[in-house]
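# A structural walkthrough
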Amino acid sequence: MMATSRSNLLRSLNDCTCEQILQELKVVIALLQQSTQRVEDDHIYLAAFCEVLEAAFTKGLKSPNSLFGINKDSYWNWIVSLDQYYFNNKHNPVLQKAIEEVTSNRQVHTPLSRGRCFIRVALNAKIISVPVEQLAKNHKLTSYWYGADSIISQDEYKKLLISLLFEVTAVDFSLNYQHCSFLDETWIIPSYQRIVLPPLKTLDMQVCHVDHRILVVAIEKGCLAQQAGVSPGDIIDEFAGQVLHSSPQGKLLKILQSCSNGVALVLVKHSLPSGDVFAPIHKRKLFYEKSLQQKKTQSGPKLARLFSSGSNHHDRSQHHLVYLGKVDNILQNKPSDHVINTAINKLLQESTMKPQPVTLRLDSFQSIALFGGDKEKTLFAHYVYSEICSCAVSTQHPTCLGVLTGSGVHLLSDASPSFTCVVLEAPSPDEALLVCQHIGELYCI
């Protein structure tokens, strides 16, 4: 079967009959058997085989309700439960070891990704037929997980499936199941890179949280991270040994501050070894660029011209302002812009504090810091983005801006969280708008 017609079928596997899925499985297994070398992650038919096999496992899979809210609509959930059922008092140590490999893998977090990781582990261990054989021995357990329209519930189809999976054990697989952090989204395994950097206060890069991942969107030219291989479009997958999937904002900075002996990064690269882009990262990159463009458009013509004039990363990361003071114990019962305007007006009318020149710095890991004192080198305020609620320019005093901050924004159990508004003054209205824009650029989207 030609690859084009097979790919068309793969796009509609959910609508295929049991016979069609098994026929397609037979075809891709035959293609794999033609390999004279071990099947590795870059094999042209590997992803197609895994998709068809997954379709066979999910065909007719039930989604029964659970009193305890347990999700049962994934084949991984019945595979991992097999160790509770010993058939003829025989325990399969190889199957149990494969299950333990998956449950201990920090890269997989959901039943879907764990199921896919298990398939890869089982192919390496030549036991891909074992779970189906084990399940088939218990008709009651089979009927609990699968409906009558499934491959596994019908004797003829089940025997054919087991036979085909047994044929697969003749193929040698060498699949990496440690680099599986994107199995929720694709069967394609991207390129990973591990780098180690010396102790640093900052990595000189801009990052953005996009769909539970940390995307590198800009990097200082010539910095150590760039020299080591970090590029815009990369995903920081691990940082100092910690997996960053769905990590809260500000976590990177906290980890970096605690690393006294250097730091190791694991990157997922934007491009595959073939030179093609890795689709899950590419769609995040496009989403970020689209969101950034919308922010520039909404900021008005003046701001758009300022950006098109060639401002670089260094310009975006540092601004010389005047600290006017702060207003504490603000209750945000109105829109943020209104709250900030009210706070700025209140401070300008009541404050007796002497204005203080400061340097506002936006660091690599989504936090802002204010430096003042002698030569503006003394840190006297620091906020990670998880503490920032909003930033806006005053409508009545266009050179003044307020940053609304306070951890209460994330305490949903608190009916009336309080906030603090830090009030700053820029040299011009355009600069005030620019500061707000640059703070917003790296906010979670």
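Structure: above.
Residues numbered from 1 in each chain as written. Predicted model: local features only at pLDDT ≥ 70, side-chain atom pairs only at ≥ 80, totals over all residues. Heavy atoms only, no water.

On to helix α15 (residues 336-350), then. For α15, with 15 residues, the first-to-last C-alpha span of 21 Å sits near the 21 Å given by 1.5 Å per residue. By the burial criterion, the buried members of α15 are Ser336, Val339, Ile340, Asn341, Ala343, Ile344, Asn345 and Leu347. (Helix = DSSP H or I, 4+ residues; strand = E, 2+ residues; numbered from the N terminus. Expected span 1.5 Å × (residues − 1). Buried < 20%, exposed > 50% of the residue type's maximum accessible area, 1.4 Å probe, protein only.)

Attention now moves to the packing of helix α2 (residues 18-33) against helix α9 (residues 155-168). The relative placement of two packed helices is expressed as an angle between their axes plus a distance between the axes. α9 packs onto α2 with a crossing angle of 15 degrees between their chain directions and a minimal axis gap of 10 Å. With respect to α9, the axis of α2 lies roughly parallel. Helix-helix and strand crossings are classified by hand; for α2 and α9 the assignment is left-handed. Contact with α2, carried on its side by Cys18, Glu19, Leu22, Leu25, Lys26, Ile29 and Gln33, involves Tyr157, Leu160, Leu161, Leu164, Glu167 and Val168 of α9 and no other residues of that element. The residue inventory of the contact of α2 with α9, partitioned by class, reads nine nonpolar, one polar and three charged. (Axes fitted to C-alpha atoms, helices over the stretch in contact; angles between N-to-C directions. Parallel < 35°, antiparallel > 145°, perpendicular 65-115°, else oblique. Left-handed = near helix turned anticlockwise from the far one by under 90°. Contact = heavy atoms within 4.5 Å. Nonpolar A, V, L, I, M, F, W, Y, C, P; charged D, E, K, R; others polar.)

The next subject is the environment of leucine 61. Within the secondary structure layout, leucine 61 lies in the loop between α3 (46-58) and α4 (75-81). Once the C-alpha coordinates of leucine 61 and tyrosine 75 are considered, the two residues, 14 residues apart in sequence, prove to be 7.5 Å apart.

For the coordinates displayed, the defined rule picks out zero disulfides. Just so you know, cysteine 421 is unpaired, no disulfide at all, and the nearest cysteine sulfur is the one on cysteine 391, 8.8 Å from it. Overall, cysteine 421 belongs to the buried group, its relative accessible area being 0%. (Disulfide = S-S within 2.5 Å.)

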